Structure formats: structure tokens, C-alpha cells
Amino acid sequence: MTKKQYSEKKLEKFREVIITKMNSVATEVGSIQDGINTSKNPNGALSQDSIYSVHMADAGTDSHEREKSFLFMTREDKYYRNLTVALERIESKEFGTCVICGELIPEERMLEVPNANKCVACKTKDKLNSV
Ligand SMILES: [Zn+2]
């Protein structure tokens, strides 16, 4: 069984896409963190203080929003880690190769699930075996 691999050129393209995704996740998470910090510190900037007072009337919604942000960040954090794994696999040239059958995992799937290490066929088989 010979393992198939994406060409250097393709891997380079994937790397670019992944780094772009990582940057946008970092920016999004950063702006949400800013938002959470602001609502936790109502005595910060004067303008933020007045915004906070308005929100106080609707405290329930506010904590709900915060919870939503938290869930979002947990998900983004996981996604970010997946991207890191993908980047490591590009470095070690394992990226895009199914660990079970050694076939190439389709490009569309790698863009959707950058840390995938099994092709859909093997993943499906894997699932059936584990049930
Ligand atoms: Zn496979």
C-alpha cells in the first residue's frame, strides 16, 4: 500500500487557507473577549459605562448573551486547535492522507474539516465497527 500525498504546491495552498482561518478566528475571539471584559468592568470608559446602564435594565438578556459568547468561544477554541493540528500535519506531510487506506482525502473535505485524517469511506466504516 503506497500512501498518497498532496503536492508541495497544494500543501502550500492549504497552509495559506488555514493560516487565514486561524487569523480570522483569533480576531473574532479577541473582539468577543473585549466585549466580555467591558461588561465585567462597567467602570471602564465613560461611554461604556452608560451603555452598561442601559443593559442593566435587561440583565437577563445580557447574561444570556454572555453565555452565547462563551459557547461560541469554546467552539472557536476547538476549531482553532483543529487548525493547529492541520498545520502540524502539513509540516509532517501527513495532511490530506487517510491514515487507514492511504488514499487522498478530497480537497473539499480538507477545507471543511482541516484536521480530518480519514477519508469518508474509512470514517463511515470506523463508525460502524465501533457501534
Ligand atoms: Zn480511507
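What you see is a predicted model; the values in this text were computed from it and never measured. (Residues numbered from 1 in each chain as written. Predicted model: local features only at pLDDT ≥ 70, side-chain atom pairs only at ≥ 80, totals over all residues.)

Trainee: What's the story with the overall build of the protein chain in this structure? I'm lost.
Mentor: Within the protein chain one finds five helices and zero strands. Taken from the N to the C terminus, the helices and strands of the protein chain come in the order α-α-α-α-α. Of all 131 residues assigned to the protein chain, the portion counted as buried reaches 9%. (Helix = DSSP H or I, 4+ residues; strand = E, 2+ residues; numbered from the N terminus. Buried ≥ 20, exposed ≤ 12 C-beta atoms within 10 Å, placed from the backbone.)

Trainee: Help me out: how do you make sense of the environment of glutamate 94 in this one?
Mentor: Looking at where glutamate 94 falls in the secondary structure, it is placed in the loop between helix 3 (59–91) and helix 4 (107–112). Glutamate 94 sits in the partly exposed class, given 14 other C-beta atoms within 10 Å. Sequence separation between glutamate 94 and lysine 3 is 91 residues; the distance between their C-alpha atoms is 9.4 Å.

Trainee: Where do I start with unusual backbone geometry in this structure?
Mentor: Residues apart from glycine generally show negative phi values, whereas peptide bonds are mostly found in trans. Look at lysine 93: it is not a glycine, yet its phi comes out positive at around 60 degrees. By the secondary structure assignment, lysine 93 is in the loop between helix 3 and helix 4.

Trainee: Is there a simple way to explain the environment of proline 106 in this structure?
Mentor: Locating proline 106 in the fold gives a position in the loop between helix 3 and helix 4. By C-beta crowding, proline 106 is classed as partly exposed, having 13 other C-beta atoms within 10 Å. In this structure, the C-alpha to C-alpha distance between proline 106 and cysteine 119, residues 13 residues apart in sequence, is 7.7 Å.

Trainee: Would you take a moment to explain the confidence of the model for the protein chain for this structure?
Mentor: Caution applies to low-pLDDT regions: their predicted coordinates should not be interpreted in detail. Per-residue confidence for the protein chain gives a mean pLDDT of 85, with 80% of residues at or over 70. Mean pLDDT per element in the protein chain: helix 2 (residues 46–56) is the minimum at 51, and helix 4 is the maximum at 94. (pLDDT = per-residue confidence, 0-100.)

Trainee: Would you take a moment to explain the environment of tyrosine 80 for this structure?
Mentor: Within the fold, tyrosine 80 resides in helix 3. Here the alpha-carbon distance between tyrosine 80 and asparagine 23, two residues 57 residues apart in the chain, equals 9.4 Å. Apart from residues lying up to four places away in sequence, tyrosine 80 is in contact with Met22 and Val25. (Contact = placed C-beta atoms within 7 Å.)

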